[in-house]
Amino acid sequence: HLTRTHRFRKLSMDTDGAGAGVARFPLSASTSLVIQRGDLTKWFIDGTTDAIVNPANERMLGGGGADGAIHRAAGPDLLKACYSVPEVRPGVRCPTGEARITPGFKLPASHVIFTAGPIYSGNPTAADSLRNAYKNSLRVAKENNIQYVAFPAISCGVYGYPYEEAATVAISTIKEFANDIKEVHFVMFLEEIYFVWLNKANELLK
Ligand code: AR6
């Protein structure tokens, strides 16, 4: 678990991408981007209102990948909360690129922000949709006064988005829209994706 003690220790770790487990990049005087290896279902920032972002789908009723893991860790109340999110059209609660919010239930994080990233293959608007997924997740966080938000690599699993292209969209969008959030975390399950993100952050945030 990420305790406050861990957070302060991490502040002094290097951010040069040379192999440290956690890298911190200041985006402004009041906003940091943090890139780390880990499991979103275990993430929280002690003593704060925080949210993990669930890379879900338009139905918003569970699935595989991180979505499945988040539902298992949150318990059955999360699915009930999903059912209570209104459909915008039959079977669609969260259109691609949009975001919705629920409590975190048994998760360590207090909230879950659901977003549906794009399926990559043959999709000419995939980059716009991925950008919207990050942007709208941050917007929903701000609307709910949430200042600590953790993202996975949206669309980089089941949805097949190439890691390097996804990293460019993710980091440039966070850089543009993370104002009013104290910390945006990327919590990367796969070591390969962690390093792709770290390299991209070093490239785009220097
Ligand atoms: N913590 C952090 N990252 C994780 C975790 C975890 N516990 N588990 C997986 N990942 P995916 P998508 C990483 O497939 O591509 C589902 O069925 C994983 O390694 O979860 O947006 C939904 O219901 C990958 O890098 O999401 C949708 O139908 C990243 O999370 C569909 O998959 C995203 O992989 C969404 O596909």
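Residues numbered from 1 in each chain as written. Predicted model: local features only at pLDDT ≥ 70, side-chain atom pairs only at ≥ 80, totals over all residues.

The name given to the chain in an unreviewed UniProt entry is Macro domain-containing protein, with Cannabis sativa as the source organism.

Peer 1: Would you explain helix α4 (residues 126-143) in this entry?
Peer 2: One turn of the α-helix equals 3.6 residues, which is why residues spaced by three or four share an orientation. Here α4 is 18 residues long and its end C-alpha atoms lie 25 Å apart, about the 26 Å a rise of 1.5 Å per residue gives. Listed as buried for α4 are Ala 126, Ser 129, Leu 130, Asn 132, Ala 133, Tyr 134, Asn 136, Ser 137, Leu 138, Val 140 and Ala 141. Of the surrounding secondary structure, the elements contacted by the buried residues of α4 are β3 (50-56), β4 (99-103), β5 (111-116), β6 (148-151) and α5 (163-177). Immediately beyond the C-terminal end of α4, within one or two residues, lies Asn 145, with a positive phi of roughly 55°. (Helix = DSSP H or I, 4+ residues; strand = E, 2+ residues; numbered from the N terminus. Expected span 1.5 Å × (residues − 1). Buried ≥ 20, exposed ≤ 12 C-beta atoms within 10 Å, placed from the backbone. Contact = placed C-beta atoms within 7 Å.)

Peer 1: I'm lost on the site of the ligand in this one. Help?
Peer 2: Neighbouring the ligand are 25 residues, the closest being Pro 55, Gly 63, Gly 65, Gly 157 and Phe 189. If you list the elements that add at least two residues to the shell around the ligand, you get β3 and α2 (65-74). Among the elements that make up the shell around the ligand, the one with the highest residue count is α2 (4 residues). Taken together, the residues that form the shell around the ligand break down as 15 nonpolar, 8 polar and 2 charged. (Near = placed C-beta within 6 Å. Nonpolar A, V, L, I, M, F, W, Y, C, P; charged D, E, K, R; others polar.)

Peer 1: Could you clarify how one ought to interpret the sheet that holds strand β2 (residues 32-37) in this entry?
Peer 2: Sheet strands associate in pairs through backbone hydrogen bonding, adopting either a parallel or an antiparallel arrangement. Read across the open sheet, the 7 strands follow the order β1-β2-β7-β6-β3-β5-β4; overall the sheet is mixed. Of all strands in the sheet, those with a lone pairing partner are β1 (22-26) and β4, marking the two edges. For this sheet, the mean angle separating the axes of adjacent strands, direction not counted, is 20°. With 6 bridges connecting them, β3 and β5 associate as parallel partners. Bridge pairing in β5 links Ala 56 to Ala 116. Strand contacts of α2: β3 and β5, with the helix running at about 130° to β3, the strand carrying the most contacts. Lying over the sheet, α4 contacts β3, β4, β5 and β6, oriented at roughly 150° with respect to β5. (Pairing = 2+ DSSP bridges. Axes fitted to C-alpha atoms, helices over the stretch in contact; angles between N-to-C directions.)

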